[in-house]
Amino acid sequence: MKLIGWIVIAAVGIALVAFATHNYHGAQVNLWPAPLELSLPVYGIVFAGIALGFLGGALVAWLAGGKGRRRSREFRRTVRTLERKLERRDEAGGGLPAVRAG
């Protein structure tokens, strides 16, 4: 399975390098409303767009998972509280009576 992953990564890497080498000519980028104009290679603009999209998607996924993370913290807190109560009960000798098999 690892081999398939490496093959996919290598193929994507080769495709990215081929794209970059064939799209190295410059393009003007005007960052309106700022008075800033840049001359960047086309592959740089495309890769920056992909990176921004990836980061935006990661941010949305992280924000969407907030409720689940909060519930997980609450469950962990509840488990710790219940474990402490059980330990105190066992130390006080209030445990369940032993059950004999037979």
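Structure: see above.
Definitions and limits used
Residues numbered from 1 in each chain as written. Predicted model: local features only at pLDDT ≥ 70, side-chain atom pairs only at ≥ 80, totals over all residues. Heavy atoms only, no water. Phe/Tyr/Trp six-rings, centres within 6.5 Å; stacked < 30°, edge-to-face > 60°. Helix = DSSP H or I, 4+ residues; strand = E, 2+ residues; numbered from the N terminus. Buried < 20%, exposed > 50% of the residue type's maximum accessible area, 1.4 Å probe, protein only. Patch = residues over 30% accessible without salt bridge, like charges linked within 9 Å, V, L, I, M, F, W, Y side chains within 5 Å. Areas by Shrake-Rupley, 256 points an atom, 1.4 Å probe, with all protein chains shown as cover. Salt bridge = Lys/Arg side-chain N within 4 Å of Asp/Glu carboxyl O. Axes fitted to C-alpha atoms, helices over the stretch in contact; angles between N-to-C directions. Parallel < 35°, antiparallel > 145°, perpendicular 65-115°, else oblique. Contact = heavy atoms within 4.5 Å. Nonpolar A, V, L, I, M, F, W, Y, C, P; charged D, E, K, R; others polar. Polar contact = N/O pair within 3.5 Å; in protein donor to acceptor, adjacent residues only side chain to side chain.

Side note on the packing of aromatic side chains
- Inspection of the entire model under this criterion finds 2 aromatic pairs.
- Note on F19 and F47: the rings are 6.0 Å apart at their centroids and 45 degrees apart in plane angle, and the pair reads as tilted. Of this pair, F19 sits in helix α1 (residues 2-22) while F47 sits in helix α2 (residues 42-64); the two residues are 28 residues apart in sequence, bridging distant segments of the chain.
- Centroid distance Y43 to F47: 6.0 Å. Interplanar angle 65 degrees. Geometry classified as edge-to-face. Taken together, the residues Y43 and F47, both in helix α2 and 4 residues apart, mark about one turn of the helix.
- On the basis of relative accessible area, F47 is assigned to the partly exposed category, the value being 27%.
- Connected via pairs of aromatic rings, a cluster forms that spans F19, Y43 and F47.

Notes on a nonpolar patch on the surface
- Taken together, the side chains of M1, I4, V8, V12 and L16 define a hydrophobic patch exposed on the protein surface, amounting to about 520 Å² of accessible area.
- Tracing the backbone through its elements, the reader meets V8 in helix α1.

Some points on the packing of α2 against helix α3 (residues 66-91)
- It is the contact of α2 with α3, at a shortest axis distance of 4 Å, that shows an interaxial angle of 40 degrees. Between α2 and α3, the angle falls in the class oblique. When α2 is examined against α3, the residues W62, L63 and A64 are found in contact with a partner set consisting of G66, K67 and R69.
- Residue composition of the contact of α2 with α3, by class: 3 nonpolar, 1 polar and 2 charged.

Things to note about the side chain of N23
- Structurally, N23 can be placed in the loop between α1 and β1 (26-30).
- A polar contact of 2.9 Å, which involves the side chain of N23, links it to the backbone oxygen of F19.

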